[in-house]
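# Topology and contacts: notes
The residues making up each chain are set out below.
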Amino acid sequence: SIGERVPRDPDFEKRVRASFDRQGAMRLIGARLCRLGPGFCSVEVSYRDDLTQQHGYIHAGIVSAIVDTAGGYAGFSLFPADAEVLTVEYKLNLVAPAIGERLIAEGEVVKPGRTLAITRGEVYAELEGRRTLCAVMQQTLIVMAAKPNR
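Conventions used here
- Throughout, a residue's number is its position along its own chain's written sequence, starting from 1.
- Side-chain atom pairs in this predicted model are given and counted only at pLDDT of 80 or more, local residue features only at pLDDT of at least 70, and totals for whole chains, interfaces and linings cover all residues.
- Only hydrogens and water are set aside; all other atoms, that is, all heavy atoms of the structure, feed into the side-chain values.
- A pair of strands is considered paired only if DSSP assigns at least 2 bridges between the two.
- Think of it this way: any DSSP run of H or I at least four residues long counts as a helix, any run of E at least two long counts as a strand, and we number them from the N terminus.
- An axis is simply a line fitted to the C-alpha atoms; with a helix, the fit covers only the stretch in contact. Between two such axes, the angle follows the N-to-C directions and lies from 0 to 180 degrees.
- Note on contacts: a residue pair is in contact if any heavy atoms of the two residues lie within 4.5 Å.

### So, the sheet that holds strand E2 (residues 40–46)
With respect to topology, 6 strands assemble into an open sheet ordered E1-E2-E4-E5-E6-E3, the strand pairing being antiparallel. In this open sheet, the two edge strands, each paired with only one partner strand, are strand E1 (32–37) and strand E3 (83–94). Strand-to-strand, the axes of this sheet are offset by a mean angle of 25°, without reference to chain direction. Across 11 bridges, E3 lies against strand E6 (residues 130–145) in antiparallel orientation. Each bridged residue has a counterpart across the sheet, and for Tyr-90 the counterpart in E6 is Gln-139. Along the sheet, helix H1 (residues 12–21) contacts E1, E2 and E3; its crossing angle with E1, the most-contacted strand, is approximately 160°. Those strands touched by helix H3 (residues 60–76) are E1, E2, E3, strand E4 (102–111), strand E5 (116–127) and E6, and its axis lies near 40° from that of E4.

Structure below.
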């Protein structure tokens, strides 16, 4: 079973959404934080020509960015109120071309921890209502002391 999903901060949703809103990179690519719950987060991005690579697929860098963010905020949702999140490492397997009207990245906590948290993520390309798995991620996050004014 997936890791325990008990938020240590009852206001986790407000804190996660405020953090997401500060991400210039997500704003740049037009990503949206869609679903959020304890230990779970989904981030979506719509197809745009300027997000593609030479074959017309959404670029792996975009795939990577949204699943890193989804996993990070899944973990962050379980962190204490006075903590921040940073990715320590992640591995991404690209299993199919990212072809569709939108990409949906879903991150979930596998193992929460006081210092490190492990998440996993999947990215789906949605085309005409059908979802195709296009990437799988495993991620390690660090629980950091919050900086003032965050």
